[in-house]
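Residue strings, one per chain:
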Amino acid sequence: MNDLLPADAPLWQYVEGVVTDILARYGYQEIRFPIVESTELFKRSIGEVTDIVEKEMYTFDDRNGDSLTLRPEGTACCVRACEENGLLYNQTQRLWYMGPMFRHERPQKGRYRQFHQIGVETFGIQGPDIDAEVLVLSARILRELGVAEHVQLQINSLGSAEARAAYKDALVAYLSNVQDQLDEDSKRRLSTNPMRILDSKDANTQALLNAAPVLLDYLDEESRVHFEGLKSLLYAVGVSYQINPRLVRGLDYYGKTAFEWVTDKLGAQSTVCAGGRYDSLVEQLGGKSTPAVGFGIGLERLVLLLQAVEAIPEGLDQQADIYLVAVGDVQSVAMQLAERIRDELPFVRLLINCGGGNFKNQLKKADKSGADIALILGEDEVKAGKVTIKFLREEIEQQTLDFDKAIAYLLALE
Ligand code: ATP
Ligand code: MG
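If you're wondering where the values come from, they're calculated on a predicted model, not measured in any experiment. (Residues numbered from 1 in each chain as written. Chains lettered and ligands numbered in written order. Predicted model: local features only at pLDDT ≥ 70, side-chain atom pairs only at ≥ 80, totals over all residues. Heavy atoms only, no water.)

## Comments concerning the site of ligand 1
Move 1: If you check the shell around ligand 1, you find 15 residues, and the closest are Arg103, Glu105, Arg111, Tyr112 and Arg249.
Move 2: Between a nitrogen atom of ligand 1 and a side-chain N or O atom of glutamate 105, the distance comes to 2.7 Å.
Move 3: Contact between ligand 1 and glycine 298: an oxygen atom at 3.5 Å from a main-chain N or O atom of the residue.
Move 4: In the complex, 89% of the free accessible area of ligand 1, which totals 590 Å², lies under the protein chains.
Move 5: Elements supplying a minimum of two residues to the shell around ligand 1: strand S6 (114-123), strand S10 (271-277) and strand S11 (292-298).
Move 6: Per-element accounting of the shell around ligand 1 gives the leading share, 3 residues, to S10. (Near = heavy atom within 4 Å. Polar contact = N/O pair within 3.5 Å; in protein donor to acceptor, adjacent residues only side chain to side chain. Areas by Shrake-Rupley, 256 points an atom, 1.4 Å probe, with all protein chains shown as cover. Helix = DSSP H or I, 4+ residues; strand = E, 2+ residues; numbered from the N terminus.)

## Points about the pairing of strand S14 (residues 373-377)
Move 1: Counted residue by residue, S14 has 5 buried out of 5 residues, so it is predominantly covered.
Move 2: The side-chain alternation of S14 yields two buried faces, one formed by Ile373, Leu375 and Leu377 and the other by Ala374 and Ile376.
Move 3: Sheet topology note: the strand S12 (residues 322-326)/S14 ladder contains 5 bridges and is parallel. Considered in S14, the bridge of tyrosine 323 is made with alanine 374.
Move 4: Relative to strand S15 (residues 386-391), S14 runs antiparallel, the two being bridged by 4 bridges. Residue pairing across strands places leucine 375 opposite isoleucine 389, the latter belonging to S15. (Buried < 20%, exposed > 50% of the residue type's maximum accessible area, 1.4 Å probe, protein only. Pairing = 2+ DSSP bridges.)

## Comments concerning the packing of aromatic side chains
Move 1: Scanning all chains against the criterion turns up 8 aromatic pairs.
Move 2: An angle of 65 degrees between the planes, with centres 5.4 Å apart, marks the rings of tyrosine 167 and tyrosine 218 as edge-to-face. Linking tyrosine 167 in helix H6 (residues 161-176) with tyrosine 218 in the loop between helix H8 (203-209) and helix H9 (221-237), this pair joins segments that are 51 residues apart in sequence.
Move 3: Their ring planes at 65 degrees and their centres at 6.4 Å tell us that phenylalanine 391 and tyrosine 409 sit as a pair that is edge-to-face. On the criterion of sequence distance, the pair formed by phenylalanine 391 in strand S15 and tyrosine 409 in helix H15 (residues 403-413) is long-range, its members being 18 residues apart.
Move 4: A network of ring pairs unites the aromatic residues Phe123, Tyr253, Tyr254 and Tyr278 as a single cluster. (Phe/Tyr/Trp six-rings, centres within 6.5 Å; stacked < 30°, edge-to-face > 60°.)

## Quick word on the state of the cysteines
Move 1: For the coordinates displayed, the defined rule picks out 0 disulfides.
Move 2: You can see cysteine 273 has no disulfide; the closest cysteine sulfur is in cysteine 78, sitting 15 Å from it. (Disulfide = S-S within 2.5 Å.)

## Let's talk about the packing of helix H1 (residues 9-25) against helix H11 (residues 299-308)
Move 1: Contact geometry of H1 with H11 gives a least axis separation of 11 Å together with a crossing angle of 110 degrees. The pairing of H1 with H11 is recorded here as roughly perpendicular in orientation. Residue-level contacts link Leu11, Trp12, Tyr14, Val15 and Glu16 of H1 to Leu299, Glu300, Leu302, Val303, Leu306 and Gln307 of H11.
Move 2: Looking at the contact of H1 with H11 residue by residue, the classes come out as 8 nonpolar, 1 polar and 2 charged. (Axes fitted to C-alpha atoms, helices over the stretch in contact; angles between N-to-C directions. Parallel < 35°, antiparallel > 145°, perpendicular 65-115°, else oblique. Contact = heavy atoms within 4.5 Å. Nonpolar A, V, L, I, M, F, W, Y, C, P; charged D, E, K, R; others polar.)

## Notes on a nonpolar patch on the surface
Move 1: Side chains of Ile35, Val36 and Phe60 sit close together on the surface and give an oily, nonpolar patch of about 200 Å² of accessible area.
Move 2: Tracing the sequence through the fold places isoleucine 35 in the loop between strand S1 (29-30) and strand S2 (36-38).
Move 3: We classify isoleucine 35 as partly exposed; its relative accessible area is 34%. (Patch = residues over 30% accessible without salt bridge, like charges linked within 9 Å, V, L, I, M, F, W, Y side chains within 5 Å. Salt bridge = Lys/Arg side-chain N within 4 Å of Asp/Glu carboxyl O.)

## Quick look at the environment of glycine 146
Move 1: Mapped onto the fold, glycine 146 is located in the loop between helix H5 (128-144) and strand S7 (151-157).
Move 2: Overall, the relative accessible area of 37% leaves glycine 146 in the partly exposed class.

## Here we look at the side chain of serine 157
Move 1: Among the secondary structure elements, serine 157 is positioned in strand S7.
Move 2: Of the polar contacts made by the side chain of serine 157, one reaches the backbone nitrogen of glycine 159; its length is 3.3 Å.
Move 3: The residues touching serine 157, leaving out its near neighbours within four places in the chain, are Leu215, Leu216, Leu219, Ser223, Phe227, Lys256 and Thr257.

## A short note on the sheet that holds strand S3 (residues 58-61)
Move 1: The strand order S2-S4-S3 describes an open sheet built from 3 strands, whose pairing is antiparallel. Strand pairing shows two members of the sheet lacking a second neighbour, S2 and S3, which therefore form its edges. On average, adjacent strands in this sheet sit at an angle of 35 degrees to one another, irrespective of strand direction.
Move 2: Summarising the sheet, S2 and strand S4 (residues 67-70) pair through 3 bridges and their orientation is antiparallel. Bridge pairing in S4 places valine 36 opposite leucine 70.
Move 3: Its contacts with the sheet put helix H2 (residues 39-46) on S2, S3 and S4, and the angle it makes with S2 is roughly 75 degrees.

## Considerations on the domain arrangement of the chain
Move 1: On domain assignment, one finds that the chain holds domain 1 (9-159 + 219-308) and domain 2 (322-413).
Move 2: Placing a centre on the C-alpha atoms of domain 1 and another on those of domain 2 gives a separation of 48 Å. (Domains from an automatic or database assignment.)

## A few points about the UniProt feature "domain: Aminoacyl-transfer RNA synthetases class-II family profile" (unreviewed entry) in the chain
Move 1: Mapped onto this numbering, the UniProt entry annotates "domain: Aminoacyl-transfer RNA synthetases class-II family profile" (unreviewed entry) at residues 1-346.
Move 2: Note that residues 1-346 is 39% helix and 20% strand, and that its end C-alpha atoms are spaced 36 Å apart. (UniProt positions renumbered as here; feature names shortened; annotations may be inferred.)

## Quick look at the nonpolar core
Move 1: Judged by nonpolar contacts, the single largest core of 46 residues is most densely connected at Val15 and Leu302.
Move 2: Ranked by residues supplied to this core, first place goes to H5 with 8 residues.
Move 3: When near neighbours in sequence (up to four residues on either side) are disregarded, leucine 302 contacts Val15, Leu142, Leu145, Val272 and Ile297.
Move 4: Within the second largest apolar cluster, 45 residues are counted, among which are Met57, Leu95, Tyr167 and Ala292. (Core = buried A, V, L, I, M, F, W, Y, C linked by side-chain atoms within 4.5 Å.)

Pasting the structure below:
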């Protein structure tokens, strides 16, 4: 679990700002729900024989003896919150949330025990138009963050439950013949969760899969038509994709569309954004059957990607625009002036020197703050009712002006 230090916070704020701004532009609304939920919720949604539920959840008994779990993902929580508050009754929803998720995994680059997701969930819309919309939206996020050329969209259709069951049988029949050549995890999954074998990182297992039955050949008619509809919409709006017939998700509730945005810039942790359709989850959790599609963006990986490809805008580390240097016994006037500037130039970040110090020492701090301008207030200035405006980065002559004129001058600069 990581601390986010002040030096890194501006980059996070920038990324979160770009994403939430785009979500607002698409008409998505924020929802917030607790970090802790009943353990049952995740067992019933994610699935008992998934990695998350089997070995990654932070589960504990509270004082009443109820089993609670720190949320490992947001979709199940979002469905629970919507159901409990009647948000799915006769209406559609386009929602987003942002916050920490918890999984007890082996920590490595791009994989942490507390990580952060921005999640998007839509409810009540059945057709491929909404699948296309969330994909177009995710494409815009990556494009406006300047990483579009370093990511690739992979899509697949997981079909209906019946189609998956038929495919599972065929896959198990095929893999059982080569069982002894599979990696250990895959051997175990053959009886618990065979489709996850498609996801195996083991090169030998992947080679064996080359001749295995292909999920797309087992699709039911409805899923096939849905998938075709999605592909033609993506084509129409110019979002390119690759069909990856081995793409499966590590959570049981997905059906029909599944997708991932992957990158080759982050080593093994290549998935930046992942999601799909989960039409059966609401009903499975006790609600009325409600179609749904969504995705989650891993924020740590997105930030790592921006760093890796140097897609970080300039000036993010700048703490202030103006630094008020206050030398001598001038603190009360300095504070009054600072408050006036904050009233009249609300878009300016003004850092006032606190704790004294001589002129040279304060000017050093002004420089370190990244400010473009130092306002200098000494005892002589205070007596004359004036302040000096000194440009720290540009060759502009410094000015000593009355407070009113100084503020008007600063206003005219913006
Ligand atoms: P992976 O295959 O990488 O373990 P996942 O399928 O378990 O991912 P999801 O549950 O689909 O992941 O979560 C969506 C996104 O959240 C992932 O694509 C990834 O960007 C991010 N993510 C998942 N687990 C972690 C983690 N432990 N640390 C950091 N980010 C994570
Ligand atoms: Mg995982």
